[in-house]
Amino acid sequence: MNNQTVVVLDFGGQYNQLIARRVRECGVYCELLPYNTKLEKLKKLEPIGIILTGGPSSVTEKGAPILSEEVLKLGVPVLGICYGCQLLSYMHGGTVTGGAREYGKRTLKTKGGALFKDVPKESTCWMSHSYFVGKAPEGCIVTASTDTCPTAAYENEKEKYYGVQFHPEVMHTQYGMKVLENFLFGVCKAKGDWTMKNFAERTIAALKEKIGDKKVLCALSGGVDSAVAATLVHKACKNLVCVFVDHGLLRKGEAEEVERVFRDEQGMKLITVDASERFLKKLEGVVEPEAKRKIIGEEFIRVFEEEAKKIGHVDYLVQGTIYPDVIESGLGDSAKIKSHHNVGALPDVIDFEEIVEPLRDLFKDEVRKCGFEIGLPRPIVMRQPFPGPGLAIRIIGDITRDKLSILRDADCIFREEIARAGLDEEIWQYFAVLTGARSVGVMGDERTYDYTLALRGVTSVDGMTADWARIPFDVLETISNRIVNEVGHINRIVYDITSKPPATIEWE
């Protein structure tokens, strides 16, 4: 990696992935690492700056996560956010005070300082804490406050550490991006050299050098992540074979579409494997979401191994793993949200020399930008995100062929009507979930007792946070009427209006 790097050290807060994403939006490469990452690893990254995230702990309680003092001796600027702000104060001799919980929007009053260049003296910020810096360390100046938080920001320009109690990374903070830009470009002197054009060029060159004439097997799902990963490798080597596994958990018409686009239009060598019987047998009676993911993840690998043996010796397996997959599958002491089929759900023993993941460092929107840079057509780049486990995690409870048929038909209608309404690119992701709930209904003067179908639509940039999509009522009405009239065994439709957080985008 030749880019300048900022390291974001994770103390377990809910917005930590978003901090990393915002830094990337500024054109600065960053990595999100556990707070206790070894000093040697940090030194190898040669960071131009370090950001300490928020977290649920209090710095004064026993067992609270503490930063190694050696990190502060690296000589690079450090920005502490929320818990990170309190931690910097604590480590430099300041005080941290407990008090009334402050949560939500507050009026931020600034008093100059490097972080608030070109920021109005009064603006809106987002607070989420019950402790705050009572007295800033000696040598610091207080640069911002709210009515309830006297030290909303402080800085020590000489020793290059800065603290903000509010969250500049969330959109609710009016000038949050400006604060981050001031830290990155004003304090850390970043060049802003992180672009998808540069990433694509360097990745293709690195893949050429790494792979050479060796054989490569690509796990192609047809989604944007695997499509971009496959195309990068396709441009880098001649011995690529893409394997598309139909695990019987795809959306309606999906297998046919993947074959048409990648074999016929993109000219890739594509092998389609119908493994639906195999997967459904393995999933028979399984209801726990993590168990589903683990089974599907292992079975994927086993299918690829078998196909590789048919082809002959294969050295590398390519996957479309992206950064949110890695983060959500568990990072350091942070909570594991769920195992992604291509990260935390991989079996321990894999019969390949190495797994190649060219997109492992990218967020979803960066993947799309990369796709455009390498010439992929818009329908592929803007294709709806679809999880590797497919409809298995959109059916609550056990998986049966009947349930899959019901969900496929309902989901197809949902997608058709969203496209017909011209909302297909406005809504980041939308899909149907066959819940395990049944309810009483009446159809044709007869009592029914059938499934409740949930519709989910979200708006997002990177998938790390998401808001529920405000689909017009008349569109929802059309969708609901079509589904209950055209799809059997559904008599009730509900719409999910939960954001991420607290929910995840998928139900399982």
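Residues numbered from 1 in each chain as written. Predicted model: local features only at pLDDT ≥ 70, side-chain atom pairs only at ≥ 80, totals over all residues. Heavy atoms only, no water.

Turning our eyes to something else, we now look at unusual backbone geometry. Here the bond from Lys500 into Pro501 is cis, since omega is -10 degrees, no more than 30 degrees from zero. Considering the arrangement of structural elements, one finds Pro501 in the segment after β18 (490-496). Look at the link from Pro501 to Pro502: it is a cis peptide, with omega at 15 degrees. In this model, Lys160 sits at a positive phi of 65 degrees, which is unusual for a non-glycine residue. For Lys160, the location among the structural elements is in the loop between β8 (153-156) and β9 (161-164). (Helix = DSSP H or I, 4+ residues; strand = E, 2+ residues; numbered from the N terminus.)

Bringing helix α4 (residues 83-91) into the picture now. Of all 9 residues in α4, 8 are buried; the element is thus mostly enclosed. Every buried residue belonging to α4 is among Tyr83, Gly84, Cys85, Gln86, Leu87, Leu88, Ser89 and Met91, and all of these are buried. Looking at the residues trailing α4, positive phi occurs at Gly93, about 95 degrees. (Buried < 20%, exposed > 50% of the residue type's maximum accessible area, 1.4 Å probe, protein only.)

We now examine the packing of helix α7 (residues 224-236) against helix α12 (residues 364-373). Direction vectors running N to C along α7 and α12 enclose 45 degrees, while the axes themselves pass 10 Å from each other. Taken together, α7 and α12 sit at an angle that is classed as oblique. For the pair α7 and α12, the sense of crossing is left-handed. Contacts from Val224, Asp225, Val228 and Leu232 of α7 reach α12 at Lys364, Val367, Arg368, Cys370 and Gly371. Looking at the contact of α7 with α12, its residues break down into 5 nonpolar, 1 polar and 3 charged. (Axes fitted to C-alpha atoms, helices over the stretch in contact; angles between N-to-C directions. Parallel < 35°, antiparallel > 145°, perpendicular 65-115°, else oblique. Left-handed = near helix turned anticlockwise from the far one by under 90°. Contact = heavy atoms within 4.5 Å. Nonpolar A, V, L, I, M, F, W, Y, C, P; charged D, E, K, R; others polar.)

For the rest of this paragraph, the subject is helix α6 (residues 196-211). When the terminal C-alpha atoms of α6 are compared, their 22 Å separation across 16 residues agrees well with the 22 Å that a helix rising 1.5 Å per residue should span. Taken residue by residue, α6 has Met196, Phe199, Ala200, Thr203, Ile204, Leu207 and Ile211 as its buried positions. Seen along its axis, α6 keeps its buried residues to an arc of 125 degrees; they face one direction. Remark: Gly212 follows α6 within two positions and exhibits a positive phi of approximately 60 degrees. (Expected span 1.5 Å × (residues − 1). Arc of directions from axis to C-beta.)

Here we take up the side chain of Glu31. Inspection of the secondary structure assignment puts Glu31 in strand β2 (residues 29-34). The buried charged residue Glu31 lacks any salt bridge, with Lys41 as its nearest oppositely charged partner at 5.6 Å. A polar atom in the side chain of Glu31 sits 3.0 Å from the side chain of Tyr29. (Lys, Arg positive; Asp, Glu negative; His and termini not counted. Salt bridge = Lys/Arg side-chain N within 4 Å of Asp/Glu carboxyl O. Polar contact = N/O pair within 3.5 Å; in protein donor to acceptor, adjacent residues only side chain to side chain.)

Within the fold, Arg22 resides in helix α1 (residues 16-25). Residue Arg22 is classed as buried on the basis of its relative accessible area, which comes to 6%.

Where burial is concerned, most of strand β11 (residues 240-246) is hidden: 7 out of the 7 residues are buried. Both faces of β11 are covered, namely the face carrying Leu240, Cys242, Phe244 and Asp246 and the face carrying Val241, Val243 and Val245. With 4 bridges connecting them, strand β10 (residues 216-219) and β11 associate as parallel partners. From the neighbouring strand, Val216 faces β11, where its bridge partner is Leu240. (Pairing = 2+ DSSP bridges.)

Let us look at the confidence of the model for the protein chain. Predicted confidence across the protein chain gives a mean pLDDT of 89, with 94% of residues reaching 70 or more. The spread of mean pLDDT over the elements of the protein chain runs between helix α11 (residues 323-328), the lowest at 74, and strand β3 (residues 49-52), the highest at 98. (pLDDT = per-residue confidence, 0-100.)

On to the packing of aromatic side chains. With the rule as written, the count across this model stands at 11 aromatic pairs. A ring pair is formed by Phe116 and Phe166, whose centres lie 6.3 Å apart and whose planes are at 40 degrees; its orientation type is tilted. Of this pair, Phe116 sits in the loop between β5 (95-110) and β6 (122-135) while Phe166 is found in the loop between β9 and α5 (176-187), placing the two residues 50 residues apart along the sequence. Taking the centre distance of 6.2 Å and the plane angle of 70 degrees together, the rings of Tyr162 and Phe183 count as edge-to-face. You can see Tyr162 sitting in strand β9 and its partner Phe183 sitting in helix α5, a full 21 residues away along the chain. Through a chain of ring-to-ring contacts, three or more aromatic side chains come together here, namely Phe11, Tyr35 and Tyr83. The ring of Trp468 carries the charged tip of Arg470 above its face, separated from the ring centre by 3.7 Å. (Phe/Tyr/Trp six-rings, centres within 6.5 Å; stacked < 30°, edge-to-face > 60°. Lys NZ or Arg CZ within 6 Å of the ring centre and 35° of its normal.)

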